[in-house]
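Commentary on secondary and tertiary structure
Residues per chain are reported as follows:
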Amino acid sequence: MAIHEPGRRLMHFVPLKFVQKRVSGGGGRALSAALNLTSMIDFLVMIVVFLLMTFSASGEIPVDKNVKLPKAENTIDMVDAPMIAVNGSQVIVDGTAAGSTRAIEEAGRLQRIDELFNILKSKRELWKATQGGSGKSFPGVCVLQVDQMVPALVVKSVFQTAAFAGYPNVSFMVGQIPKSEHH
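Read on for a plain summary of the structure. What you are looking at is a predicted structure, and each value in this text was computed from that prediction instead of being measured.

Criteria and cut-off values
- Residues numbered from 1 in each chain as written.
- Predicted model: local features only at pLDDT ≥ 70, side-chain atom pairs only at ≥ 80, totals over all residues.
- Heavy atoms only, no water.
- Helix = DSSP H or I, 4+ residues; strand = E, 2+ residues; numbered from the N terminus.
- Buried < 20%, exposed > 50% of the residue type's maximum accessible area, 1.4 Å probe, protein only.
- Pairing = 2+ DSSP bridges.
- Phe/Tyr/Trp six-rings, centres within 6.5 Å; stacked < 30°, edge-to-face > 60°.
- Lys NZ or Arg CZ within 6 Å of the ring centre and 35° of its normal.
- Axes fitted to C-alpha atoms, helices over the stretch in contact; angles between N-to-C directions.
- Contact = heavy atoms within 4.5 Å.
- Expected span 1.5 Å × (residues − 1).
- Arc of directions from axis to C-beta.

**Some words on the overall build of the protein chain**
On a plain count of helices and strands, the protein chain comes out with five helices and seven strands. Ordering the α and β elements of the protein chain from the N terminus gives α-α-β-β-β-β-α-α-β-α-β-β. Residues counted as buried form 25% of the 183 residues belonging to the protein chain.

See below:
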């Protein structure tokens, strides 16, 4: 084997013309630029990790920071139902204002909240129109998200209004505390 002077030899002996052209420096730059896959993979991994960290399989619902929920030990996962939030002097159904509690507090007795009743009744009628033909009976479930400082009279009025509107199965949203070991 003969001794050759040092230099570039890699791929020089491949018998293909387009390889010879590229190796010898001929030919322009490729029209399709190569993507830097490392940064793209890093970005996608970060997005997946972020989505996994923020995803909640139990259907967790964000609670208003001003609402302090009561705590309970025996709880169940959230159900898909209208959310009735009562905080201070306002009643809210699925983010829509549904009345005020001031009239109840001033009267000092149970009262039907007409705006809440109308919204819940229309939600029940919408459910029956969309799913009533499937043979399922209306579940009549709603979830009450009540601040622990709201007077019992207001909670009873909201509860009674929901029942009159066709939602007799009321669940209360609570903060979960770890189950204690009873000896």
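**Describing the pairing of strand E2 (residues 83-87)**
In terms of burial, E2 is a largely internal element, five of the five residues being buried. Here four bridges tie E2 to strand E5 (residues 141-146), and the two strands are oriented parallel to one another. Across the sheet, residue alanine 85 finds its bridge partner in E5, namely glutamine 145. Between E2 and strand E3 (residues 90-93), which pair antiparallel and follow one another directly, the connecting turn spans two residues, one of which, glycine 88, has a positive phi of 65°.

**Structural notes on the packing of aromatic side chains**
Per the counting criterion, the structure on display carries zero aromatic pairs. Against the face of phenylalanine 117 rests arginine 112, its NZ or CZ located 3.9 Å from the ring centre.

**Details of the sheet that holds E2**
Spatially, the five strands line up as an open sheet ordered E4-E3-E2-E5-E6, and their pairing is mixed. This sheet does not close on itself; its edge strands, each paired only once, are strand E4 (96-100) and strand E6 (169-172). When strand polarity is set aside, the average angle formed by the axes of neighbouring strands in this sheet is 25°. Summarising the sheet, E2 and E3 pair through four bridges and their orientation is antiparallel. Bridge assignment links valine 86 to a residue of E3, and that residue is valine 91. In the packing of helix H4 (residues 114-131) onto the sheet, contacts are made with E2, E3 and E4, and the angle to E4 comes to roughly 140°.

**What to know about H4**
Owing to its 3.6 residues per turn, the α-helix brings residues three or four apart onto one side. With 18 residues, H4 should cover 26 Å at 1.5 Å per step; its first-to-last C-alpha distance of 25 Å lies within 8% of that length. For H4, the complete set of buried residues consists of Leu116, Phe117, Leu120, Arg124 and Trp127. Down the axis of H4, the smallest arc covering the buried residues is 100°, so these residues share one side. Turned more than 90 degrees away from the buried face of H4 sit Leu126, Ala129 and Thr130, all of them exposed. In this fold, the buried residues of H4 make contact with E2, E3, E4 and helix H5 (152-164).

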